[in-house]
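Structural features, examined
What follows is the residue order along each chain.
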Amino acid sequence: MRGVNKVILVGSLGADPESKTFPNGGSLCQFSIATSGKWQDKQSGNWIENTEWHRIVVKNRLGEIAQQYLKKGSKVYIEGKLRTRSWHDQNNQERYTTEVHAETMQMLDSAPQANSY
């Protein structure tokens, strides 16, 4: 049986996107978005809010569009796949990070350029 690796997120950028270009002509854009949920504690009646941060990677033309139109605070719909990568830090400890590699992006702000790509 094959598994499914699909992520759908709607959130707001925590900072402006950062882009990198490569000698082969490829590029990528990275940014983080926040999603939050709110619920009422049944025992205390207090409202509790939880915010999660997600690292987003957008490649090539879609990344160029993200770099051009998104900024801190922009609301965005992202559809993609989870990818985990590892690296060694300065103390040679192996570290891991999980990112969403976006395949679809839709800008949700009311600006005229907020189209789906």
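Everything discussed here concerns the structure shown above.
Just so you know, these numbers come straight off a predicted model, no measurement behind them.

This part takes up the side chain of D89. Note on placement: D89 falls in the loop between β5 (75-88) and β6 (94-107). Residue D89 is classed as buried on the basis of its relative accessible area of 18%. A distance of 2.9 Å separates the side chain of D89 from the backbone nitrogen of N91, its partner in a polar contact.

Another aspect to go through is the nonpolar core. Grouped together as the largest cluster of nonpolar side chains are 18 residues, with contacts concentrated most on F31, I33, I56, L70, V76, I78 and M105. Of all the elements, β6 adds the most residues to this core, at 4 residues. If we skip the residues at most four places from it in the chain, I56 touches L9, C29, Q30, F31, I33, I78, V100 and A102.

The phi dihedral of N60 falls on the positive side, at around 50°, and the residue is not glycine. With respect to the helices and strands, the residue N60 is situated in helix α1 (residues 60-69). With relative accessibility at 40%, the residue N60 sits in the partly exposed group.

What follows covers the environment of T35. With respect to the helices and strands, T35 occurs in strand β3 (residues 27-40). T35 sits 34 residues away from Y69 along the chain, and the two C-alpha atoms are 20 Å apart. In contact with T35, not counting residues within four places along its chain, are L9, V10, G11, N50, T51, E52 and H54. Engagement of the side chain of T35 in a polar contact is seen with the side chain of H54, the distance being 2.8 Å.

Attention shifts here to the environment of A102. For A102, the position within the fold is in strand β6. Put simply, A102 and L62 are 40 residues apart on the chain and 8.7 Å apart in space, counted from C-alpha to C-alpha. Every residue in contact with A102, bar those within four places of it in the chain, is listed here: I56, V57, V58, L62, I78, E79 and G80.

So, on to the pairing of β3. Here strand β1 (residues 7-13) pairs with β3 via 2 bridges, running antiparallel. The residue of β3 that forms the bridge with L13 is I33. Hairpin remark: strand β2 (residues 18-21) followed by β3, antiparallel, with 5 residues in the connecting loop; positive phi at G25, about 95°. Bridging between β3 and strand β4 (residues 47-59) involves 13 bridges; their strand directions are antiparallel. If you follow Q30 over to β4, its bridge partner there is V57. Connecting β3 to the antiparallel partner β4 that follows it, the hairpin turn spans 6 residues, and G45 within it adopts a positive phi of roughly 80°.

What counts and what doesn't
- Residues numbered from 1 in each chain as written.
- Predicted model: local features only at pLDDT ≥ 70, side-chain atom pairs only at ≥ 80, totals over all residues.
- Heavy atoms only, no water.
- Helix = DSSP H or I, 4+ residues; strand = E, 2+ residues; numbered from the N terminus.
- Buried < 20%, exposed > 50% of the residue type's maximum accessible area, 1.4 Å probe, protein only.
- Polar contact = N/O pair within 3.5 Å; in protein donor to acceptor, adjacent residues only side chain to side chain.
- Core = buried A, V, L, I, M, F, W, Y, C linked by side-chain atoms within 4.5 Å.
- Contact = heavy atoms within 4.5 Å.
- Pairing = 2+ DSSP bridges.

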